[in-house]
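Residue strings, one per chain:
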Amino acid sequence: MIRHGFDGGEELLRPAHLAQPVEGFPKTVLVTFQWKVVEALKRRFPVETVSTVNACVEVPIYRFSYEGQTLGLYLTTIGGPATVGILEEIWVKGAEKVLFFGTCGGLDADLPTGHMVIPTAAYRDEGTSFHYLPPSDYVDIPTADRLAEIFDELAIPYVKSKTWTTDAIYRETPGKAAERRADGCGAVEMECASVMAAAQFRGKEVYQFLYTADSLAGSEWERGLLGHHAQSDYERYLSIALETAIRL
């Protein structure tokens, strides 16, 4: 079976075949899934495009300064395969620490919309992670504890929880949601298992926090904040990411 076909050997097509190191590339890079966060960044800081990644469309990587540190930020795609493909080239360009942040669906009825979630392990209901790590139900997230320490320092309310990573946003059935909820997953998203598996295989530092938008905790889907965030929300998520990044 494909999920039992992990091969740890060297790949034929390597990221360094298509990407090269970039002089002055930020060592710490933030990754958002929402273009309004990029808009918020550009309103707050002078930014420059330090490089790009070609992922069917050009993905600009922005460089800027915050609290005396040089940081990067880019808008990534949805789903594990493309997200990891871009990330692989970001590492080649020079990134050492990467912080992902984006929305998730809540699986816990007691978790309010807009609340922060720090994933501790990701259920591998996708394909990308199985090319980077041997088969298992979950990929553990060793950076979760450090991220939680930073959130404590910043007095940001959060919960630590397992998350469910799925490739199929429109096939999150009530039965699957109930299984994951019973197993301790408080959130569902589409990239965490993939990026964490890639990070462990490459020996890289990747962090991720989520914020709840819609809810799959009941018998019917509830839209919640999905697609209805206020601009102040994006400003807040960016501020949290910035303060976190300079402490990594």
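Quick summary incoming for the structure in this document. (Residues numbered from 1 in each chain as written. Predicted model: local features only at pLDDT ≥ 70, side-chain atom pairs only at ≥ 80, totals over all residues. Heavy atoms only, no water.)

### What about the pattern of salt bridges?
According to the stated counting rule, one finds 12 salt bridges in the structure shown. Residue E96 is joined to K27 by a salt bridge in which the shortest nitrogen-to-oxygen separation is 3.9 Å. Residue E96 is found in the loop between helix 3 (80-93) and strand 5 (97-106), and its partner K27 is found in the loop between helix 1 (15-18) and strand 1 (28-32); the two are separated by 69 residues along the sequence. A relative accessible area of 45% means that E96 is categorised as partly exposed. A salt bridge links R180 to D183; the shortest N-O distance between them is 3.6 Å. Among the residues examined, R180 registers a relative accessible area of 10% and is labelled buried. Relative accessible area serves as the criterion here: at 29%, D183 is assigned to the partly exposed category. Here the salt bridges do not stand alone but share partners, grouping E11, E88 and R202 into one network. (Salt bridge = Lys/Arg side-chain N within 4 Å of Asp/Glu carboxyl O. Helix = DSSP H or I, 4+ residues; strand = E, 2+ residues; numbered from the N terminus. Buried < 20%, exposed > 50% of the residue type's maximum accessible area, 1.4 Å probe, protein only.)

### Description of the environment of E126
You can see E126 is positioned in the loop between strand 6 (116-125) and strand 7 (138-140). Along the chain, E126 and V98 lie 28 residues apart, while their C-alpha atoms are 21 Å from each other. Residues within four places of E126 in sequence aside, it is in contact with R3, T165, D167, A193 and S194. There is a polar contact of 3.3 Å between the side chain of E126 and the backbone nitrogen of T128. (Contact = heavy atoms within 4.5 Å. Polar contact = N/O pair within 3.5 Å; in protein donor to acceptor, adjacent residues only side chain to side chain.)

### Things to note about the packing of aromatic side chains
The full count for this structure, using the stated rule, is 11 aromatic pairs. With a centroid separation of 5.7 Å and an interplanar angle of 80 degrees, the aromatic rings of F45 and Y66 are classed as edge-to-face. Here Y66 lies in strand 3 (residues 57-66) and F45 lies in the loop between helix 2 (35-44) and strand 2 (48-55), a separation of 21 residues in the sequence. For F45, a relative accessible area of 15% puts it in the buried group. Each residue in the set F101, F151, Y158, F209, Y211 and Y237 is aromatic and connected to the rest through ring pairs, giving one cluster. Directly above the aromatic system of F130 lies the positively charged group of R124, at a separation of 4.0 Å from the ring centroid. Above the ring of Y138, the side-chain terminus of K162 is found at 4.8 Å from the ring centroid. (Phe/Tyr/Trp six-rings, centres within 6.5 Å; stacked < 30°, edge-to-face > 60°. Lys NZ or Arg CZ within 6 Å of the ring centre and 35° of its normal.)

### So, helix 7 (residues 231-245)
Here helix 7 is 15 residues long and its end C-alpha atoms lie 21 Å apart, about the 21 Å a rise of 1.5 Å per residue gives. Those residues of helix 7 lying buried are D233, Y234, Y237, L238, I240, A241, L242, T244 and A245. (Expected span 1.5 Å × (residues − 1).)

### Description of unusual backbone geometry
One non-glycine residue with positive phi stands out, namely C56, at about 75 degrees. Inspection of the secondary structure puts C56 in the loop between strand 2 and strand 3. Even without being glycine, A155 reaches a positive phi, approximately 60 degrees. Mapped onto the elements, A155 comes out in the loop between helix 4 (144-153) and strand 8 (158-166).

### Examining the nonpolar core
Counting 63 residues, the largest nonpolar core has Y74, F100, V206 and F209 as the members making the most contacts within it. Once residues within four sequence positions are removed from consideration, F100 is found in contact with V31, F33, Y74, T83, L87, V195, V206, Y207, Q208 and F209. (Core = buried A, V, L, I, M, F, W, Y, C linked by side-chain atoms within 4.5 Å.)

### Re the pairing of strand 4 (residues 69-75)
Both strand 1 and strand 4 contribute to a ladder of 5 bridges, which runs parallel. Paired with T32 across the bridge in strand 4 is L75. Judged from the 5 bridges that link them, strand 3 and strand 4 form a sheet pairing that is antiparallel. Looking at the pairing, Y66 lines up with Q69 of strand 4. (Pairing = 2+ DSSP bridges.)

### Overview of the side chain of T244
Structurally, T244 can be placed in helix 7. Side-chain polar atoms of T244 contact the backbone oxygen of I240, separated by 2.7 Å. Apart from the residues lying within four places of it in its own chain, the contact partners of T244 are L99, L147, I150, F151 and L154.

### Some details on the environment of V31
Examined against the element boundaries, V31 turns out to sit in strand 1. In this structure, the C-alpha to C-alpha distance between V31 and D108, residues 77 residues apart in sequence, is 25 Å.

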